[in-house]
Every structure is written in C-alpha cells, then in structure tokens.
Amino acid sequence: MTATPLVELRGIYKRFPPDVRANEDVSMAVAPGEILAVLGENGAGKSTLMQILYGVYRRDAGEILVDGVPVEFANPGDAIRHGIGMIHQEFMLVRSFSVAENVAMGTAPLKGEKFDVRAVAADLTALAQKFGLGVDPAAIVEHLPVGVQQRVEILKLLYREARLLILDEPTAVLTPQEVAGLFDVLRALKAAGKSIIIVTHKLREVMDISDRVTVLRDGRNVGTRITAETDEPLLARLMVGRDVLLRADKQPTPRGRSRLSVADLSVAGHDGELRVRGLSLDVHGGEILGVAGVDGNGQSELVEALFGLRPVVSGQVALDGEDVTRLSPAARRTAHMAYLPADRRNVGSVGDLSITDNAVLGAQRTFARFGGRWRDRRAAAAHASALIARFGIRAPGPDFPAGKLSGGNLQKLVLGREVARDPGVLVVEQPTRGLDVGAIETVWAELLAQRAQGRAILLISAELEEILNLADRIAVIFDGRIVGTVAGAGADVAALGLMMAGRPVAQYGAA
Ligand SMILES: Nc1ncnc2c1ncn2[C@@H]1O[C@H](COP(=O)(O)OP(=O)(O)OP(=O)(O)O)[C@@H](O)[C@H]1O
Ligand SMILES: [Mg+2]
C-alpha cells in the first residue's frame, strides 16, 4: 500500500483478567476502497481487536491512526464520528420499529419532540438505491428476513457516513443466497470508495471477496497476504499452524433400530401459523440423518418441538418407542435426549456462570452429593477441565465465565456438555456455525464417534457441505415438510438444490 491507509493499527496490546492475552503487538491497516479479511481460529482475538478499533474496549498499548493522524476513541460514538462503523453478529435493532425509525434513533435532527422520520426515509431510499440494498424504509424490522435486517444495519452506518464498515462474521447467519447478495452490496460499497473489514472463518469467502487478508493466531498477526497471491490450504496452515484436511473419516456403522420417531408432526410459529406441517421422519441408532434446507423452512420450530420448547399442534414424537410428545424439556433430558441449539449464547448457556457451572447444567443430579443439596465441586471441576482439554476450548480455566468465551469456544463447550451426557438421541442444529476449520474437524469427528457408539443423530444444517460429509441419509425440508429423502453416499448436489427450492425430484435414489 502506497497511499496513506484510511485506518491503521500499530502494536495493539489487550489483556483481560486473569491473564488472557487477547491481542499482542498487532499491527494492520486498511486502505480506502479496500476489502480486508481478518481470519483466525476461535479465540484468536479478532472480535477483541475490532472492538478496540470501534471504541468498545480500550487498548492497553498501541496506536490507532485515521488518515495518518493518531486518534483516541472513548466509545463507539467517537469511532463513528471518525467514519468507523461496526456491525455486530447480534443485530442492535428495535424489532417493532420501522427501518427509518431505527436509523433515525439518536441521529436525525429533531423536529419538535419527534424524529423527522420522513426526511430520514427519503435519504434512506436514495442510499439504498445507490448501493443496491433493496430495503424499504417503511418496513417493520421484525417482518424482515435476517439478511435484510443486516442490510438495515449497513444502511444505518452509511447514513452516519461511515467510511470503514467492520463486519464481524456477517455470513454466519445467512443462507447461501443471502451471502451472495451481501457480497454484491460489499462490492458496490468498495466501488464507491468505502473500506471494509470482514471477519470470517470461511476460506472460500476470503478468496471470493477480499483484496488482502490478515491472519491472527494466539492474539498475534502471523501474516498479511494479498488474496490473489494465496490459496485456501496456505491460509488454513497459516491460521492453524498445521495442515487441515476438511474431510470426515466416516466408517461403515451398522444401522440399529429406530430411536427417534416423528409422525405427522405439526407445529406453529410465534404468529400461530403452521411452520411444520405433517412432518414425519425416523432416526436410527448408528445413523446420522441430515436435514438439509434453506433456513426458515420450519427447522427451528421442528427442533424446538422435539425438545419440548414449543407445543405440538398435532402428531407424535417417540423416543426409543416411548411417546414423549407432551414431556417437559427436563423430562426429555432424563430420557437421554440431548440438544445443541443454534443459539448457543441465549438458549444453550448462562453467560454469568462459570464454565464448570455450564458444563453440568441440566445434569446437576449427576454431580450432586448428600442427596442433592450439595454439588460435588471437585467432580464438576474435573468434568469441566476434561471438556476443555478434549474440545480444545481456549479458556484460562474452569472458573472462567462462559459469557466471556469467544463465540466458537462457547459452542465447543455446549456441544461437549451435551455429548458427555451419554444421550441416546442427539439433535444438533448448525453444529459448526462460527467455528474455525480446526474446530470443525474436531466437531465432525465427535459426531461420527457418537454415531459409532450407536446413537441416533439428527443433524440440521444450512451447510450442504457438512451434510454431504456426515449424513447417512439426507432428508430435504421445504415449507415445513420433508419433500424427499436420499442416501447420503453419492448424493447429487444439483438434485438436492432443486429439492431445497421446493421441487421434488421424482425417482431420485430414494432411501
Ligand atoms: N470480556 C472478556 N473478559 C475476559 N476474556 C475475554 C473477554 N472477551 C474476550 N476474552 C478472551 O479473549 C480471547 C479472544 O477472544 P475474541 O472474542 O477476540 O476471539 P475471536 O477471534 O473473535 O474468536 P471467535 O472466532 O470464536 O469469535 C479469548 O480467549 C476470550 O476468551
Ligand atoms: Mg469473534
């Protein structure tokens, strides 16, 4: 880079108590009109570095320069005034407000006591048109699909005249089609001279969208490459420090009896409309049944109903031949059903509690002493330490609060807890979302080990690649129904794609 970078970080250090070195002497820069990818394993320090740049955290040492001039940000407001905006993974929108109201909040000039929402809406229409965002300023946020809500966040930053947009794992919540749409928007922003930093775990996305890529490992910058001069295996090695072969080693396993049986199940969504409509499936011991489908076709409602978190309108769920349709979540756990929810932070864990407390959540009885009044602290801590070691969870120790783990490490903790409960049936929803390639290898191997032990695994994933690698059979879900089931081995991707779009393919290798 010859021109002055738009933003430069020099020798950034950040330490969290007790002794987490999240960033160590990190330097990096982004030029005007450049898309920079930031890559690194779970816990490598990516989000911390971005939040320092956005004024959320204060650095312990180092410098931040904007247009070559040193700056101090006490809060995100300061960062925005310098043209730096960030979109977090959890969106910060008021769901019942319109797009324009969300953007107007806190920024628009006041007209009497009210926001001048009309003026904002007019500006937004112009901005949306300029960058191909396709957002209606009058739309109510909660009615918008996730991909469009994300565009509202982008609009919000553009309205505040951001010159650098930081996106922390923006594609983790998107369908493949939405990812393509987001990347079109990013290219339009780049063409208009905006700079972008995108944090992602997906090497394919790095290759696809970025001009340069900075790799963090253990809090340090271990290399910056021009994207066109590198490739996926090189980046994986730089990131993990060893070769990564993303291929599941799947051994033939005898298929047992049906352990999870769902018959003619109907489930309603929040609005009372049916989201699952007469769905049936069986998962056998020693089998992984993959449910493939575009997000939002009833997957979450199905999973919540299976686990007793959402009432069933009609139909039946049986576990090892026993009707559990009306059982509470706790009773289902006792019946050896385990669940890895897609939302690990809000549904799967309690952030204020330690890793140990989270590791024994739902299994308090196993770790009880003297008839249940007291916890066997030593056994619980040993269990947590074992999970930390087995899943390579990056944490200072078992007393560390779960809420302070990086996204990927929290995920490994919740999965570890669930498989450790010795379940007969394991329901996993987006098990590798947000994980780095090394961690994906670990999770895939773990799911296959569970299968080898005769467990029945229901795998719900928006990643077709993951389903193709793991599933013995693939059931395609569309509009709340299974529209076809095929053998996993040698499955035809094009045919699966058609089925996922709602077009059943007749006579195709039914299983
Ligand atoms: N508020 C905090 N208090 C203590 N430790 C923290 C805090 N926030 C982050 N950490 C620790 O700092 C390290 C870096 O975390 P960070 O969230 O930056 O990683 P990341 O690269 O974004 O990972 P992921 O890909 O999993 O999101 C981790 O070990 C994490 O546990
Ligand atoms: Mg992160």
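Details of the structure are given in the entry above.
Quick caveat, the model's predicted, so the values are computed rather than measured.

Caption draft 1: Inspection of the side chain of glutamate 418 at higher detail. Turning to its location among the elements, glutamate 418 is positioned in helix 13 (residues 407-420). Look at glutamate 418 and you get buried, because its relative accessible area is 0%. If we skip the residues at most four places from it in the chain, glutamate 418 touches Arg333, Ala338, Tyr339, Pro423 and Leu426.

Caption draft 2: The arrangement of the pattern of salt bridges in detail. Within this structure, the stated rule accounts for 34 salt bridges. Among the salt bridges present, the one from arginine 394 reaches aspartate 218, with a minimum N-O distance of 2.7 Å. Taken together, the residues span a long stretch of sequence, with arginine 394 in the loop between helix 12 (377-390) and helix 13 and aspartate 218 in the loop between strand 11 (212-217) and strand 12 (220-226) at a distance of 176 residues. Arginine 394 sits in the partly exposed class, given a relative accessible area of 32%.

Caption draft 3: View of the sheet that holds strand 22 (residues 456-461). Spatially, the six strands line up as an open sheet ordered 18-21-22-15-23-24, and their pairing is mixed. Only two strands of the sheet have a single neighbouring strand rather than two, namely strand 18 (337-340) and strand 24 (481-487). Mean inter-strand twist for the sheet, computed between neighbouring axes without regard to direction, equals 20 degrees. Packing against the sheet, helix 9 (residues 299-306) makes contact with strand 18, strand 21 (425-429), strand 22 and strand 23 (473-478), and its axis sits at approximately 150 degrees to strand 21.

Caption draft 4: Region of interest: unusual backbone geometry. With an omega dihedral of 0 degrees, the bond running from proline 17 to proline 18 counts as a cis peptide bond. Mapped onto the elements of the fold, proline 18 is located in the loop between strand 1 (7-16) and strand 2 (20-30). We note that aspartate 25 has phi near 55 degrees; this positive angle belongs to a residue other than glycine. By the element assignment, aspartate 25 lies in strand 2. Here aspartate 25 falls in the partly exposed class, since its relative accessible area comes to 39%. For glutamate 161, which is not glycine, the phi torsion reads 60 degrees and is therefore positive.

Caption draft 5: Representation of the nonpolar core. Formed by 51 residues in total, the largest nonpolar core has its most connected members in Leu124, Leu133, Ile154, Leu186 and Leu189. Setting aside residues up to four positions removed in sequence, isoleucine 154 forms contacts with Ile87, Leu133, Leu165, Leu182, Val185 and Leu189. Counting residues in each nonpolar core, the second largest holds 42 residues, with Ile288, Ala292, Leu470 and Ala491 among its members.

Caption draft 6: Quick look at the environment of leucine 289. Its place among the elements puts leucine 289 in strand 15 (residues 287-292). Considering only alpha carbons, one finds leucine 289 and isoleucine 457, 168 residues apart in sequence, at a separation of 6.2 Å. With near-sequence residues (within four places) excluded, leucine 289 lies in contact with Leu281, Asp282, Val283, Ile457, Leu458, Leu459, Arg473, Ile474 and Ala475.

The rules behind the values
Residues numbered from 1 in each chain as written. Chains lettered and ligands numbered in written order. Predicted model: local features only at pLDDT ≥ 70, side-chain atom pairs only at ≥ 80, totals over all residues. Heavy atoms only, no water. Helix = DSSP H or I, 4+ residues; strand = E, 2+ residues; numbered from the N terminus. Buried < 20%, exposed > 50% of the residue type's maximum accessible area, 1.4 Å probe, protein only. Contact = heavy atoms within 4.5 Å. Salt bridge = Lys/Arg side-chain N within 4 Å of Asp/Glu carboxyl O. Pairing = 2+ DSSP bridges. Axes fitted to C-alpha atoms, helices over the stretch in contact; angles between N-to-C directions. Core = buried A, V, L, I, M, F, W, Y, C linked by side-chain atoms within 4.5 Å.

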